[in-house]
Amino acid sequence: MKEKYFINARIIDPSQNLDEIGGIIIDEKGKVKAVGKAVNKSNVPSKAEKIDLKGKVLIPGIIDMKVFIGEPGFEYKENFRSLSNAALSGGVTSVVSMPNTSPVIDNVSMVDFILRRGRDKAGINIYPSATLTRNMDGKLMTEFGLLSKKGIVGFTDATKTVQNSEIMSRIMNYASDLDVLVMQHPEDHELSKGRCISEGEVSTRLGLQGIPYIAEKIIIERDLSLLEEYPCRYHISQLSSSKSVDVIKKYKKNGLKFSAGVSINNLSLNENDIGDFKTFMKVSPPLRKEEDRKALVQGVKDGLIDVIVSDHKPEDEESKRLPFAQAAEGSIGIETLLSLALELYHNDSLPLKKIIETITYNPAKILKINKGSLKKGSDADLCIFDLDQPWKVDVSKLKSKSKNAAIENRKLQGKVLMTYLKGESVFNLQ
Amino acid sequence: MAVIKKLSAVKEVQEHLLGIQNLSIQEANLILSEAKNFIKLNRSASKKLDLLRGKTQINLFFEPSTRTQSSFELAGKRLGADVMTMNVGNSSLKKGETILDTAMSLNAMHPDIIVVRHQDSGAPNLLSQKVNCAVINAGDGLREHPTQALLDALTIINRKGKIEGLKIAICGDILHSRVARSNIYLLNMLGAEVNVIAPKTLMPTSVNKLGVKSFTNMKEGLKSCDIVMMLRLQNERMHGSFLPSKREYYEYFGLTPDKLKFAKKDALLMHPGPMNRGVEIDTRLADDINVSLVKEQVELGVAVRMACLKLYCK
């Protein structure tokens, strides 16, 4: 591979607190050789091929911490190849894959399978997670040590929650010793069983049994209490209500170390978007009130919420074309993650650098992976986008195998133009 | 003999009757005034008309029903439609067929109107997007039961002459009741003041946002009410620890002659049926023809459904 030169871009890299017009040099091995305003037309070899990115933004390749891939068991919804294509069109170069496949990823041989399939079929970096408990039934913890050695970056029961407090305390206690990452989907099953959407006026009007915000809060409060006793690497996968933000604020103020995420859906939509039973809006945790959405955005702004995820969950038509209560939960979103997040920049809700931080540097820090940065010597995973280009989400053009996009037909501003993986061009809009 | 107008060439209502929430006040009044004409017809010796001759009506019931189903069946037959009733129950679902598959195969038989009841909220809405005929909601999940609300309104108008300005209490398991929801929307729309009375565990969240006052006490909730609407306490709710026992529920929320005295002197009693005597209602009240409108509700139910079929049938 020849050296590559990009010039005149607006480079944003929160890992080095960088936001300036400049360039980047990628060496023969696909690593960053130099970055910033020092790289410009006058100091790159005159004969070398230069990619002029005037007016464009260049950031580290995006890391999406919550992605459901579908292999094994749900290949008809998504596979490594289709997911990779969707991810790269959205500037995403690294994903944490969820373990709630069929069979679930709760043992070493399954990790082998995922890593091999990922290596052969995926065009992006796959960081697999494994389940916290065997078969995700909340009873026996998985082999944190052996699984980590195989390459598991974190443990989560994906859309399920460890309900039993004794088991959770043991998980955290054990995890603290091995320094593994525990990621909890916070939801009390008794308070959410048989229910969908947020509890309130909308659920009353639609005649659906709603999930109260307390279902989330109660688990977060329990886990954070446990965390004070058993300090481990703990991450709350997704928040949905303002009350949950209040709780994490309180604990973070007291100096407790943990991290939290939020889905772009909960930052951009609210319960009113469900309208006349739109099942694409059925997600977990549910969309809540506008006040909740605003509180979540503020939480990101204040640094209480560390990462934004797409919560990409492909579902085929058969799983969604059902009465609302029976329909599957989830929305695709990996391809639109950045564009939808940019909406929060364009409407003055969040600074651009903050948005980029939550999808590059912060997830890398939490996962302890060597990504999400353009520092000299790091892999040249790049996302190059036009901050202003308008476009409309046409699901038929999205590359995901499933078309269940909550933001179907939404008009967005900002589009990914090019994606590079280890210095190689892997996506180009033209 | 009442004068029954022919089918209008221009439809005066929307395509489907999915809920009171989607209904305009003009549509509601139109249905009610059409229904009034049918009351007289139903009481006459010759009840059969040919307004819907040649039309096919399919009653698609995914959930068991006695009175709503028979009421719709009779209504269609009296208007001259060919009526077919399908009790789908859970059999098709067990075979793996979805509601849309069922709907599509029925649609292929060219019905002019489908009356649907389903245990899931929003199922008629989904159905209406996929079929070519009109869809009437005969009850979906916890959401709406529009024809029940319309027949309740007609019953009240028939007795009290109006709805505007009346004070109406709805009492019982509001949380799980589609009848309560549809009634709240319609009675509010027609200008009544609505109180809902229930134990806190059976009251939906944010119920006040629907434009009602909520009470947990019969004495306060029934004060100066013209109409007392009792709801069935579903026995299955007893196991979900919504309530400690039937006995305790009856003590606080069962309607007895004594509690009825909290309402106006000439207050009337309604119940969508079926009744649980001794659980939500004292058996003496249930049978008191001076107070109870239960039989009239059933009678006018047929008239309301005839009006709906006539107005919505394609």
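Residues numbered from 1 in each chain as written. Chains lettered and ligands numbered in written order. Predicted model: local features only at pLDDT ≥ 70, side-chain atom pairs only at ≥ 80, totals over all residues. Heavy atoms only, no water.

Chemist: Which residues make up the overall build of chain B, and what values go with them?
Modeler: Within chain B, the regular secondary structure consists of twelve helices and nine strands. Relative to a compact globule of 314 residues, whose C-alpha radius of gyration would be 20 Å, chain B shows 19 Å and is just as compact. A principal-axis box enclosing the C-alpha atoms of chain B has dimensions of 55 × 50 × 35 Å. Here chain B holds 314 residues, and the buried ones make up 60% of them. Across chain B, contacts joining residues at least 24 apart in sequence account for 75% of those joining residues at least 6 apart. In the structure as shown, chain B presents an accessible area of about 13100 Å², 51% of it carried by carbon and sulfur atoms. The distance from the centre of the 43 positive side-chain charges to the centre of the 31 negative ones in chain B is 2 Å. (Helix = DSSP H or I, 4+ residues; strand = E, 2+ residues; numbered from the N terminus. Rg over C-alpha atoms; globule rule 2.2 N^0.38 Å. Buried < 20%, exposed > 50% of the residue type's maximum accessible area, 1.4 Å probe, protein only. Contact = heavy atoms within 4.5 Å. Areas by Shrake-Rupley, 256 points an atom, 1.4 Å probe, with all protein chains shown as cover. Lys, Arg positive; Asp, Glu negative; His and termini not counted. Charge placed at Lys NZ, Arg CZ, Asp CG, Glu CD.)

Chemist: Which residues make up the pattern of salt bridges, and what values go with them?
Modeler: All chains considered together, the criterion is met by 36 salt bridges over all chains. Two residues, A:D19 and A:R10, come together in a salt bridge whose shortest N-O distance is 3.0 Å. The salt bridge involving B:E73 is made with B:K77; its shortest N-O contact spans 3.3 Å. With a gap of four residues between them, B:E73 and B:K77 both fall in helix α2 (residues 67-78), about one helical turn apart. Within this structure, A:K31, A:K371, A:D379 and A:D381 form a network of salt bridges that share partners. (Salt bridge = Lys/Arg side-chain N within 4 Å of Asp/Glu carboxyl O.)

Chemist: Could you give an account of the interface of chain B and chain A, with specific residues and numbers?
Modeler: On the chain A side, the residues contacting the 23 residues of chain B number 17 residues. Both sides of the chain B and chain A interface together cover about 1700 Å² of buried area, and 53% of this is carbon and sulfur. Considering only the surface of chain B that becomes buried against chain A, B:D120, B:S121 and B:T205 emerge as the three largest contributors, covering 23% of it. The tally of links from chain B across to chain A stands at zero salt bridges. Linking chain B to chain A there are eight residue pairs in polar contact (both at pLDDT 80 or more). Elements represented by at least two residues in the side of chain B that touches chain A include exactly α4 (99-107), α5 (123-128) and α7 (178-189) of chain B. Top contributing element to the side of chain B that touches chain A by residue count: α5(B), with three residues. Of the residues in the side of chain B that touches chain A, the class split is eight nonpolar, ten polar and five charged. (Buried area = accessible area lost by both parts, 1.4 Å probe. Polar contact = N/O pair within 3.5 Å; in protein donor to acceptor, adjacent residues only side chain to side chain. Nonpolar A, V, L, I, M, F, W, Y, C, P; charged D, E, K, R; others polar.)

Chemist: Mind laying out the pairing of strand β8 (residues 125-130) of chain A, listing which residues take part and the relevant values?
Modeler: All names here are of chain A. Across the six residues of β8, six count as buried, placing the element largely inside the fold. Burial of the side chains of β8 extends over both faces: N125, Y127 and S129 are buried on one face and I126, P128 and A130 on the other. Relative to β8, strand β7 (residues 92-97) is paired through four bridges, and the arrangement is parallel. Following the sheet pairing, V95 is matched in β8 by I126. As defined by bridge partners, β8 adjoins strand β9 (residues 154-156) across two bridges and the pair is classed as parallel. (Pairing = 2+ DSSP bridges.)

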